[in-house]
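Geometric and topological summary
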Amino acid sequence: MIGLLLFLMFLFLLLNFPMKVAMIVAPMVIMIIYFPEMPLMMSIQQLIAGISSVVLLSVPMFIFAADIMCTGKTTTRLLDLVESFVGHVRGGMAITAAATCVLFSTVSGSTQATFVAVGKPMRTRLVDLGYKDSSAIGLLMYSAIVALVIPPSISMIMYAVVTGTSVGQLFIAGVGPGLLMFFAIAVYCYFFARKTQIPLLPKGTWARRSQAFLKALPSMGFPVVIFAGIYSGTFSPVEAAAISVLYALILEMLIFRSVNLKALYKIAVSTAVVTCVVFVLVAAGQLFSWVISFARIPQMLIAATLGSDPTALAVLIMVTIFFFVGCIFVDSLVVIIILGPIFYPVAMGAGVDPIHLGIVVVLQAAIGAVSPPLGANIFTACAIFNRPLLTVLRGTPPYLIIMIIISAIVILIPELSLFLLDR
């Protein structure tokens, strides 16, 4: 049964069918062959059930808010603010890029949106200062993946939908690991710039800093609205997403005046297209997960790999390997939809905290998206910078090593993810 399911999925993918087709047709074939007594109408019910969660309403709204900010002036203002404070220190421009990615991550929830928004203006600044093109691109790629760990993360929302975990608690738990990722990158940037003798920028005056702060102050309201509102219980993640859209509209259309109605229409159409793709994948993933659970495939796979009584550490290591490898080859949302239902019950049985498990999962989703040879953001970098694959890959090894170390720390120290939670 497992062999047939995998064969069918790979066959459809080799024939260049979209992933959603493979995820829908393969489990339906399993139903027809192995469970003929099961009515096919149940597959339609599962497809609909997959997109019935209220939490999913936040996905298109966070995407819409991020697209509005990408089109507007938010990125430039955040860059100028961070650069005015840290640009003069050793590696300051690289640290500025990483810090701006973190700040923009509190708006986007997407690595690609963060990468495009911050990467385009920052790559030129880094290269002009003396960084090699490959080093600049590697820095920007790995700084952008913080978007999957810092709230609001679309991958966290998907994990919550698949497992029934609290989105709000996942958002809060991502702050510690996300900041750790930033500080690790910043420390490396300092020593790298010191070793390669990257020139220093002039120290920003307090007048310039004050001006940059005032310009960026409205944009910095996003993390306050999202994090403080959810942490205090003022509103839910879905309500936070709606407020983010309203905030973005007011900011970019009325205050900055960088987005007009014509641009807003194009942004809305783009958001609708992305949302449709995501929701079809979610629906297909629900059907896939339901069929493999009914067929007890997860139990067979776990018994073959972990034995009958796995420890919490063994489960987390296996989760790390499977999700990391999976996200190198396939979009992280698809991997979470497929593997989440397989490993979640096993992890709960081994005593793993569901929030800690979620952070480990989204961290691997983030790292896999930028890992050679097929991470999705690698090809995004090739496209937006028009650079060959080898140039993009050349700057990734140091940051990949840093992220592997952070993965080990997050696995071994659950408190890093859980210390902000009120339990």
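Procedures and definitions
Residues numbered from 1 in each chain as written. Predicted model: local features only at pLDDT ≥ 70, side-chain atom pairs only at ≥ 80, totals over all residues. Heavy atoms only, no water. Phe/Tyr/Trp six-rings, centres within 6.5 Å; stacked < 30°, edge-to-face > 60°. Helix = DSSP H or I, 4+ residues; strand = E, 2+ residues; numbered from the N terminus. Buried < 20%, exposed > 50% of the residue type's maximum accessible area, 1.4 Å probe, protein only. Lys NZ or Arg CZ within 6 Å of the ring centre and 35° of its normal. Salt bridge = Lys/Arg side-chain N within 4 Å of Asp/Glu carboxyl O.

**Quick look at the packing of aromatic side chains**
With the rule as written, the count across this model stands at 12 aromatic pairs. Between the aromatic rings of tyrosine 131 and phenylalanine 192, the centroid separation amounts to 6.1 Å while the plane-to-plane angle is 15°, which identifies the pairing as stacked. Of this pair, tyrosine 131 sits in the loop between α7 (111-129) and α8 (133-144) while phenylalanine 192 is found in helix α11 (residues 175-196), placing the two residues 61 residues apart along the sequence. For tyrosine 131, a relative accessible area of 7% puts it in the buried group. Measuring from ring centre to ring centre gives 5.2 Å for phenylalanine 182 and phenylalanine 183, while their planes differ by 50°; the resulting arrangement is tilted. Site record: aromatic cluster; members linked through ring pairs are Tyr131, Tyr142, Tyr188, Phe192 and Tyr399. Taking the ring centre of phenylalanine 256 as reference, the NZ or CZ of arginine 77 above it sits at 3.9 Å. Its end group placed over the ring of tryptophan 206, arginine 209 keeps NZ or CZ at 4.6 Å from the ring centre.

**Focus on unusual backbone geometry**
The omega torsion across proline 151 and proline 152 is 5°, close enough to zero to call that bond cis. Position of proline 152 among the secondary structure elements: in the loop between α8 and α9 (154-163). Here the phi dihedral of asparagine 386 falls at roughly 55°; this positive angle occurs in a residue that is not glycine. As for its placement among the helices and strands, asparagine 386 is situated in the loop between α20 (376-385) and α21 (389-394).

**A few points about the pattern of salt bridges**
Any two side chains of opposite charge can pair, so long as their charged atoms come close to each other. Here the structure, examined in full by the defined rule, presents 5 salt bridges. Close ionic contact of arginine 125 with aspartate 80 constitutes a salt bridge, the shortest N to O distance being 3.6 Å. Here aspartate 80 lies in helix α5 (residues 74-86) and arginine 125 lies in helix α7, a separation of 45 residues in the sequence. Among the residues examined, arginine 125 registers a relative accessible area of 25% and is labelled partly exposed. The partly exposed category is assigned to aspartate 80, whose relative accessible area is 30%. A salt bridge links aspartate 133 to arginine 387, with the shortest nitrogen-to-oxygen separation between them at 2.8 Å.

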